[in-house]
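Coordinate analysis (summary)
Here is how the chains run, residue by residue.
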Amino acid sequence: MSLTPPGAGRRIIAVAVSAALALTATPPATAQTSGPLPKVAALDAGTIDLGDFTGLEQQIAPYLANLARLANSVDDDGFITCGCWRPGQGPNDARVMENVLTLAYFYTADRPWNPYHRDRSLRARLEAALRFMLGTQNADGSFPQGGGDLHSRAATGFALELYAFMLEMLDADGTVEASLVASLTEAMRAAARWFLEDEEVWGPRGSQFANQVAGGLVGISRLLVRLDDAALRVRFQQRLADHERIAQSEAGFYRDGTVAHRYSLEVHSEDLVGWGDPATRATIDRMQARYLDWAQYNLLYDERLDGYAINTAADSRHRGWNHADELPIGSNDLWGSVIPQARAYAATREELQERRAAFAQAGWAASVQSLIAPTWAYLDPSVIRDVALKQEYHPTAAERREAIGTLRPYAGAPYTEYRADSVTGQRFVFAKRPSYVAGMGFGKHVDTQYGFWDNQRFGLGYLYDPRLGVVIQSQNAPSPGAPRTRPADAELSWGTGWVAADGVHVDAYDQPVPTFFRDGTPVDPATVSGSDALEIRYAAAGSPVTKSVTLGDRLKVRVESSGEFFERVPLVLDPDDTVQWIGGGEVEVGSRATAENVSGVVVNRDGRSVEIRWTGAGGAALWPSAFPVAGGDRRLQVLDVRATGRLEYDIRVLDDACAGSDESATVRIGGRDTGVANADDGTGCTVADLLRAGEQWDGHAAFVRHVTRTSAALARQRVVTRRDAARLVAAAARSDVGRDLVTATADRTDVVAGQEVAVRVAGRGIGRGIGEVTVSGRCLSGDATASGPAELKVTVRETSLPGACRLSAETLRADGTAEIDTVDLRVVPDAQGVVFRDSFSSVAATSEAWTAVDGSWAVVDGTYRQRDTTRTGWKSVVDDLLITDGFVETELDFRTLATSTAFAGVQVRTARPGDAYTQSGYLVYLRPDGSVDVHRAGVGVIATGAGAAVTGPVKLRVEMRGAEIRAFVGAETTPRVSVTDPEPITGPGSVHLITGRAAVDFDDLRVGTAPAAGTALGSG
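Below you will find a few notes about this structure. (Residues numbered from 1 in each chain as written. Predicted model: local features only at pLDDT ≥ 70, side-chain atom pairs only at ≥ 80, totals over all residues. Heavy atoms only, no water.)

**Examining the state of the cysteines**
The following threshold applies: When two cysteine sulfur atoms are found within 2.5 Å, that pair is recorded as a disulfide. Each helix corresponds to a stretch of at least 4 residues labelled H or I by DSSP, and each strand to a stretch of at least 2 residues labelled E; elements are numbered beginning at the N terminus. Exposure classes here rest on a 1.4 Å probe applied to the protein chains alone. A residue is buried below 20% of its type maximum, exposed above 50%, and partly exposed in between.
The full count for this structure, using the stated rule, is two disulfides. Sulfur-sulfur distance for the disulfide between C82 and C84 comes to 2.1 Å. On the S-S bond that ties C82 to C84, the torsion sits near -55°, and the link is left-handed. Disulfide pairing places C779 opposite C805 at an S-S distance of 1.8 Å. Because the sign of the S-S torsion sets the handedness, a value of about -70° for the bond joining C779 and C805 places this disulfide among the left-handed ones. Note that C779 is positioned in the loop between β31 (773–776) and β32 (784–786) and C805 in strand β34 (residues 803–812), a separation of 26 residues in sequence. For the pair shown, C779 and C805 are each scored as buried.

**Quick word on the sheet that holds strand β37 (residues 850–852)**
We count it as follows: Each pair of strands is called paired provided DSSP finds at least two bridges between the two strands. Between the N-to-C directions of two axes lies an angle of 0 to 180 degrees, each axis being a line fitted to C-alpha atoms and, for a helix, fitted only over the stretch in contact.
If you trace the seven strands from one edge of the open sheet to the other, you get β37-β40-β49-β42-β43-β44-β45, paired in antiparallel fashion. Each edge of the sheet is formed by a strand with only one pairing partner; in this case those strands are β37 and β45 (940–945). Recorded for the sheet is a direction-independent mean angle of 25° between the axes of neighbouring strands. Relative to β45, strand β44 (residues 932–936) is paired through five bridges, and the arrangement is antiparallel. Across the sheet, residue V934 finds its bridge partner in β45, namely A943.

**Things to note about the environment of E244**
What counts is decided by this rule: Pairs of residues are marked as contacts when any of their non-hydrogen atoms sit within 4.5 Å. For this analysis, a polar contact is any N or O atom pair within 3.5 Å, provided that within protein one partner can donate a hydrogen and the other can accept it, and provided that sequence-adjacent residues contribute only side-chain to side-chain pairs.
Within the fold, E244 resides in helix α8 (residues 230–247). E244 sits in the buried class, given a relative accessible area of 16%. Separated by 118 residues in the primary sequence, E244 and A362 place their C-alpha atoms 46 Å from one another. In contact with E244, other than residues within four places in its own chain, are T283, R286, M287 and R290. One polar contact links E244 to R286, side chain to side chain, over a distance of 2.9 Å. A polar side-chain atom of E244 sits 3.1 Å from a polar atom in the side chain of R290.

**Comments concerning the side chain of Q145**
Its place among the elements puts Q145 in strand β1 (residues 143–145). Under the relative-accessibility criterion, Q145 is labelled buried at 14%. A distance of 3.1 Å separates a polar atom in the side chain of Q145 from a polar atom in the side chain of S152. In this structure Q145 touches R86, N92, D93, R95, S152, A154 and A155, once residues within four positions along its chain are discounted.

**Here we look at the pattern of salt bridges**
What counts here: By convention in these notes, a salt bridge is any Lys or Arg side-chain nitrogen within 4 Å of a carboxyl oxygen on Asp or Glu.
Enumeration according to the criterion identifies 76 salt bridges in this entry. Here R95 and E98 are joined by a salt bridge, their closest N and O atoms 2.8 Å apart. Owing to a relative accessible area of 8%, R95 belongs among the buried residues under this scheme. One salt bridge in this structure joins E567 and K547, with 3.1 Å as the shortest N-O distance. Within this pair, whereas E567 is found in strand β19 (residues 555–573), its partner K547 is found in strand β18 (residues 545–551), the two being separated by 20 residues in sequence. When salt bridges with common partners are traced through the structure, they connect E889, K955, R957, E959, R966 and R1006 into a single cluster.

Take a look at the structure:
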């Protein structure tokens, strides 16, 4: 089957040919055979016209800029030493050499933008690298990978795929040494034979890494004609049948351990697009169609964000991948030309044409320069493979919209979809009902040769609404380790938690075992369909908690335990959502709130509500998690409901003119029961909702007028009788609702973050019960309560930024009515110009003020600890803070170092919160040996200073004034490094804390703005 139908695969056509592109003349007939390898000349970017690139080729413009560095990293033995692909590995790792494909591409590409076409020096280094790569092959045909994997499935599989493309390039060019091309062909023959026979590929371990097996089969499919081996073709066809049986679950996903969304989408599906054997193409198409059928229940379209929430709880291999704006299915979106559903996830043809035109028009400095350094760090040869395919398919906007309309969770009828995997025993249930869509999963964590994979979370996975998107999303493991070995708030799954002798347990981690029921009778879940109510009962081994989830008209959950427990529900909220306790007050998105004696919580977005109602709760809390969701466009607001013995709750999504309705049997006004039935008017509003007796009114008369008009209207609609309407008006007139009986004043109006403020609340009618007066505010470290008239002491949260802060003094009067008074404060910098500080003494304050973009950040023992040592550039950003000139200082303490070059520091003038240090701003960092570097995004290190080695907690202070950057260490009064950037990054930017391959504690962070000219920057 052809991948590209007529009219598809539009590309931007180059219309201008740049002059003076060739660096050297046509190469000689034979390449250099001895002596040092010649240097490849650096690119002269001034000769490059981005208009000469096709749309596909635009993505390798940074590769072109890095080509000379890559080629010149080939040493005289032929080993690619740059560490720019598969870093940290040595010459015994054949995967390091996969960038020979990149060298071959630029050597053979006869394109107007490519000055390296048939460059002599590049050819010499390419041929040296090819010889070295061939020398890594084992006698049995396999290739080795680092870490002792001498006969590697991955190294051999991806060699077959990438080098099949490379042979096609070398054939078309015809100038690389013929004997070398012949040797490469025979090497691929030997690799193919090993790959099709070895237990490493087809045994139990190979079935855990389906994407690697797929890569090898794709390579062989492209090599079959070249190798012309009838026996090998027969064996290939047999193994393809094995791959379909072994690599793809009956549930539809590709097995990489078990569910691994990112490998299935970004590796397996991409690889299969390059299939080169027409005779077996139908098998590949069938597999991919089955995978996309599975994917529609796990990739959930969000209308408002025009992107996809991902069922991340089910993912075994990638932590935290919970959203994508676009999901190209296959290299260059090519599966969209074969399977219409694939068009739902891609960027549209119109969008790509607009982006590509803007890329070319903006020019090299704007479009490419900032990408060069990040690309160098990760020169992925699969990008070269995608460009070499040349074909592409992108749906029109109309085609994409049509494909989205076929997705069952979004547009289909109600369903109950049960899927099971025979290899792992994992089971999945997906259900759609008129008031919600839900996904669940059950099974055991997976053991692999790499150890125990426990990323997955089981039980309830997501709750989705086609109009709102995902509103509850269970996250898989945000960082390594079981819940009982980490802070309780690090667990972000939708599940039940309890405390055991060894710490906090959560059933989503503890591998619950399900049984299925319909009308109380055990049932095979595969026989349940449509809107039939399916009950799923489950418990983890040895757990004191049992659970029941019923997928009916509402999603109903019942939890029973022999002791105390909490139910955790991770809500995915829009910043503009309205959140309120049912039976309590409103909660601002991103804030922390607790409530007693409430019966639920309701989230309203654009007039549509998510209602969670419960019985049996001992109290509830809403707290913001810094864990990023939806690319930062949404907030993860975690709901914890405490209970002892038993808790029941249900969830539904509905259009509701009165979110979180008062569903009391009769109407109460001013604390008195009127005796009037609290009927629903047909729009989701009850009589009590419409009378709004619990709200703040501009005077008592205004409330009585409102009740008079509303009661008359309800009588005309026959929601209440005329007699009942009169009773409501009389009760309103007798009440104190709307009367201004209380005043609240503060002892100051300007405060510094961390200071205490006294708020005096006085007046008549204040009740004498506990907690009758409450002062709250977003800038406070906590609420203050008192019984009766009082002076309440509140503290402005240490991490509050300068600006207005309104306090609310809510008074519950003796008759049950409420009054709300406001007090306006202004948070101001201190005398030293400090606009933000954090001593990390409060988990709540740090959670409010910071977003951990990546890594493993938590407040531990009064410090902000980043514990992950596996990568460079883990970062956390101060929310909503922008500074240009000023200072940032923090105490840091290195705890664990993964390498001798580990570091920690601060990133300033960052263009966008969350940007990597290679993308924007300056990174100033300290190493344990005492050296301090200033790194500029897109350029690299621009200054280095040396000093005494670090032997414990030490202060790092970074000062910025215009083009000058200075860094001080400890109590030193002379900067350890100082630099004036000739082309400085200007303008306000975000502040990040950064680590590089180190576990680090940060403490006592202060950020200050620059004082007036001629004065010193504040210190302290």
